[in-house]
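# Commentary on secondary and tertiary structure
This is what each chain is made of:
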Amino acid sequence: SQQGEEDPQALSIQEGENATMNCSYKTSINNLQWYRQNSGRGLVHLILIRSNEREKHSGRLRVTLDTSKKSSSLLITASRAADTASYFCATDATQNTNAGKSTFGDGTTLTVKP
Amino acid sequence: DVKVTQSSRYLVKRTGEKVFLECVQDMDHENMFWYRQDPGLGLRLIYFSYDVKMKEKGDIPEGYSVSREKKERFSLILESASTNQTSMYLCASRPWTGRGYTFGSGTRLTVV
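Per chain, residue numbering runs from 1 following the sequence as it is written. The order in which chains are written sets their letters, starting at A; the order in which ligands are written sets their numbers, starting at 1. Reporting of local features is limited, given that this is a predicted model, to residues whose pLDDT is at least 70; pairs of side-chain atoms are given and counted only at 80 or more, and all residues count toward the totals for whole chains, interfaces and linings. Derived side-chain values reflect all non-hydrogen atoms in the structure, with water molecules and hydrogen atoms excluded from consideration.

This part takes up the overall build of chain B. Secondary structure summary: chain B contains zero helices and 12 strands in total. Here a strand is any run of E in DSSP of at least two residues, a helix any run of H or I of at least four, and the numbering for each starts at the N terminus. Ordering the α and β elements of chain B from the N terminus gives β-β-β-β-β-β-β-β-β-β-β-β. Only C-alpha atoms enter the radius of gyration; for comparison, a globular chain is expected to reach 2.2 Å times N to the power 0.38, where N is the number of residues. Relative to a compact globule of 112 residues, whose C-alpha radius of gyration would be 13 Å, chain B shows 13 Å and is just as compact. Oriented by its inertia axes, the alpha-carbon framework of chain B measures out at about 40 × 25 × 25 Å. Remark: exposure states derive from per-residue accessible area (1.4 Å probe, protein chains only) relative to the maximum for the residue type, with buried under 20%, exposed over 50%, and partly exposed in between. Expressed as a percentage of the 112 residues in chain B, the buried residues total 51%.

Turning our eyes to something else, we now look at the environment of B:Gly98. Within the fold, B:Gly98 resides in the loop between β10 (87–94) and β11 (102–103). Apart from the residues lying within four places of it in its own chain, the contact partners of B:Gly98 are A:Asn31, A:Leu48, A:Arg50 and A:Asp92. By definition in these notes, contact holds between two residues if any of their heavy atoms fall within 4.5 Å.

All names here are of chain A. Tracing the sequence through the fold places Ser-12 in strand β2 (residues 10–14). Measuring from C-alpha to C-alpha, the distance between Ser-12 and Ala-90 comes to 22 Å, with 78 residues separating the pair along the chain. Sequence-distant contacts of Ser-12, defined by excluding residues within four places in its chain, comprise Thr-111 and Lys-113. Separated by 3.4 Å, the side chains of Ser-12 and Lys-113 make a polar contact. Definition of a polar contact: a pair of N or O atoms within 3.5 Å, with one able to donate and the other able to accept a hydrogen when the atoms are protein atoms, and with sequence-neighbouring residues admitted only if both atoms are side-chain atoms.

Residues and elements named next belong to chain A. Following DSSP output, two strands are said to pair if at least two bridges run between them. Pairing analysis gives seven bridges linking strand β4 (residues 29–37) to strand β5 (residues 43–50), with the strands arranged antiparallel. Among the inter-strand pairings, Gln-33 is bridged to a residue of β5, identified as Leu-48. In sequence, β4 turns back onto β5 through a hairpin of five residues, with Gly-40 there showing a positive phi of about 75°.

On to the interface of chain A and chain B, then. Many analyses report the size of an interface as the accessible area lost when the parts associate. Listed per partner, the contact involves 21 residues of chain A and 23 residues of chain B. In total, about 1700 Å² of surface goes out of reach between chain A and chain B, with carbon and sulfur atoms giving 51% of it. Two residues, B:Arg94 and A:Asp92, come together in a salt bridge whose shortest N-O distance is 3.0 Å. Along the contact surface separating chain A from chain B lie eight residue pairs in polar contact (both at pLDDT 80 or more). For the side of chain A that touches chain B, the secondary-structure elements that each account for two or more residues are β4, β5 and β9 (85–93) of chain A. Gly falls in the polar group here, along with every residue not listed as nonpolar (Ala, Val, Leu, Ile, Met, Phe, Trp, Tyr, Cys, Pro) or charged (Asp, Glu, Lys, Arg). Taken together, the residues of the side of chain A that touches chain B sort by class into six nonpolar, 10 polar and five charged. Here the quantity called buried area is the total loss of accessible area, with a 1.4 Å probe, experienced by two parts when brought into contact, counted for both. Counted as salt bridges are all cases of a side-chain nitrogen of Lys or Arg within 4 Å of a carboxyl oxygen of Asp or Glu.

Another aspect to go through is the pairing of strand β8 (residues 71–76) of chain A. Consecutive side chains along a regular strand alternate between the two faces of the sheet. Residue and element names in this part refer to chain A. Burial runs high along β8: five of the six residues are buried. The pairing of strand β3 (residues 19–24) with β8 spans six bridges and is classified as antiparallel. Bridge pairing links Cys-23 to Ser-72 in β8. Here strand β7 (residues 61–66) pairs with β8 via six bridges, running antiparallel. Paired with Leu-65 across the strands is Ser-72, a residue of β8. In textbook terms, the turn of a hairpin is the stretch between consecutive antiparallel strands, and for β7 and β8 this stretch comprises four residues, one of which, Lys-70, has a positive phi near 55°.

Our next topic: the state of the cysteines. By definition, disulfides here are pairs of cysteine sulfur atoms that lie within 2.5 Å. Under the defined criterion, the tally for this structure stands at two disulfides over all chains. What pairs with A:Cys23 in a disulfide is A:Cys89, and their sulfur atoms sit 2.0 Å apart. Its torsion about the S-S bond being 65°, the disulfide of A:Cys23 and A:Cys89 is classed as right-handed. With A:Cys23 in strand β3 and A:Cys89 in strand β9, this pair connects stretches of sequence that are 66 residues apart. Look at A:Cys23 and you get buried, because its relative accessible area is 1%. Residue A:Cys89 is classed as buried on the basis of its relative accessible area of 0%. Disulfide pairing is shown between B:Cys23 and B:Cys91; the S-S distance is 1.9 Å.

Okay, here's the thing in structure tokens:
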């Protein structure tokens, strides 16, 4: 089963609004990653946040990590129609002996209406 | 720009055929992965490899095998294609933990 679970499953907003997606996980982690997937394409790595970090920014993206709640959020500010995609979180569990293998969530589908 | 290249974007094969999906990365990454993605089921790991000639089963290895003879190339083999293997197949690579995956563009395989 997937450790990461995104919430909501689907999100529809107007261009210019902010979009917030959440990811919860079950076990202790070394890091958490966020990816974007445009329809019919591969995933694109957006940002990685380590377990000792609380917040990270990249352009219009802001990621927070709360290890006490085992949750992360991805905020996209001033959204654009081009942000329409599915967004996935993935985690590297601390106890994972298969170094390099992350566990992916099921994704949030974001639709940004022009 | 670093890349993971999958040999085909779309592929149509007949039931019972042996199918090869090829993946090449140019980043000297140790780890390579094959996932399949189906609506409502998310990404499911088929096989991964952490070194040349090394492979480990993922969550759904049945009906698949892999080959990694060179560091940059990771092949997925469907021994005898079946209709339930119709799916989007995604190859990815990454260095040891601490950095994210780089994915290929995917191969949409249809088995008829």
